[in-house]
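# Residue-level structure breakdown
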Amino acid sequence: ALERCREALTLARKLGRPFPLCSAYSGVCTVYRDRGEVAALEEAAHELRVLADEHGFGLWREEGTYWRAWCLVKKGSVEEGLNEVQRSLAARRAVGLAGGGALFDAFEAYRKLRRFDEALALLDQTTWSPRFSSPVRRVRGELQLEAGRCSEREAEDLFRDAIQIARSEEAR
């Protein structure tokens with residue numbers, strides 16, 4: 001995946017068109033996140049933000065900001081990272097975009113800060129698309145268990161539901 005993203009970056013640079021280049025940076029950021037390559041992600045996010053600023057691409061800038069926030073959380077600046085994630089999510093919502101998978105990174109930050117009430121409130125206030133049914137149940141179980149709001153048995157039931165949903169989605 002990383003090789004393909006790098007190829008996309010190279011091709012987008014050759015085309016000299018900023019929008020496809022932003023898209024390629026977005027893809028490479030996702031791969032770096034999945035690989036846990038924080039320094040490389042931070043650099044790519046910076047390039048995405050600079051390019052987006054130069055060309056007035058507000059949504060791409062917010063994506064770069066979001067990735068920067070993710071890096072802050074991973075590097076231990078959890079409060080600062082969470083503040084940026086929240087600002088980025090608010091900007092996305094203002095133009096009609098859902099938080100989607102980005103919200104799961106906010107939950108990780110809330111968990112590190114032991115701010116379970118806020119995490120659970122965000123989980124409850126968000127309208128989730130069906131593709132997030134399984135991870136939402138898993139996160140709810142993790143948060144409630146860690147906050148002492150449910151028994152291990154109740155959390156286990158949520159985890160089993162999450163697994164069952166994920167398996168049924170794979171079968172489609």
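Here is a short report on the structure shown in this document. Chains are numbered independently. Their residues run from 1 in the order of the written sequence. This being a predicted model, a pLDDT of at least 70 is required before a residue's local features are given, and a value of 80 or more before pairs of side-chain atoms are given or counted; all residues contribute to the totals for chains, interfaces and linings. Where side-chain values are given, they derive from all heavy atoms of the structure, hydrogens and water being excluded.

## Focus on the packing of aromatic side chains
How we decide: For Phe, Tyr and Trp, rings pair up if their centres lie within 6.5 Å, where Trp contributes its six-membered ring, and each pair is then called stacked (planes under 30 degrees apart), edge-to-face (over 60) or tilted (otherwise). By definition, any uninterrupted DSSP run of H or I lasting at least four residues is a helix, any uninterrupted run of E lasting at least two residues is a strand, and each is numbered from the N terminus. Using a 1.4 Å probe on the protein chains alone, a residue whose accessible area is under 20% of its type maximum counts as buried, one over 50% counts as exposed, and one in between counts as partly exposed.
Taken as a whole and assessed by the stated rule, the structure comprises three aromatic pairs. A centroid spacing of 5.6 Å and a plane angle of 70 degrees characterise the contact between F19 and W60, whose relative ring orientation is edge-to-face. One end of the pair, F19, is in helix α2 (residues 18-35); the other, W60, is in helix α4 (residues 58-74), and 41 residues separate them in sequence. Judged by relative accessible area, which is 45%, F19 ranks as partly exposed. Linked through ring pairs, F19, F57 and W60 together constitute an aromatic cluster.

## Here's the deal with the packing of α4 against helix α5 (residues 78-94)
Inclusion rule: Only the contacting stretch of a helix is used when fitting its axis, a line to C-alpha atoms as for every element, and angles between N-to-C directions run 0 to 180 degrees. When an angle is under 35 degrees it counts as roughly parallel; over 145 it counts as roughly antiparallel; between 65 and 115 it counts as roughly perpendicular; any other value is oblique. With the far helix as reference, a near helix turned anticlockwise by less than a right angle produces a left-handed crossing, and one turned clockwise produces a right-handed crossing. We call two residues in contact when some of their heavy atoms are within 4.5 Å.
In the contact formed by α4 and α5, the axes pass within 7 Å of each other and the chain directions differ by 160 degrees. Judged by the inter-axis angle, α4 sits roughly antiparallel to α5. Note on packing geometry: the crossing formed by α4 with α5 is left-handed. Contacts between α4 and α5 involve R61, E62, E63, T65, Y66, R68, A69, L72 and V73 from the first element and V78, E80, G81, L82, E84, V85, R87, S88, A91 and R92 from the second.

## So, the pattern of salt bridges
Rules: The salt bridge definition used is simple: a Lys or Arg side-chain nitrogen within 4 Å of an Asp or Glu carboxyl oxygen.
A complete count under the given rule lists 21 salt bridges for this structure. Between R33 and D34 there is a salt bridge; the shortest N-O distance is 3.0 Å. Residues R111 and E146 are paired through a salt bridge, measuring 3.3 Å at the closest nitrogen-oxygen approach. Taken together, the residues R111 in helix α6 (residues 102-112) and E146 in helix α8 (residues 133-146) connect sequence positions 35 residues apart. Its relative accessible area of 35% is what places E146 among the partly exposed residues. Three or more residues joined by partner-sharing salt bridges are found here, namely R111, R114, R138, E142 and E146.

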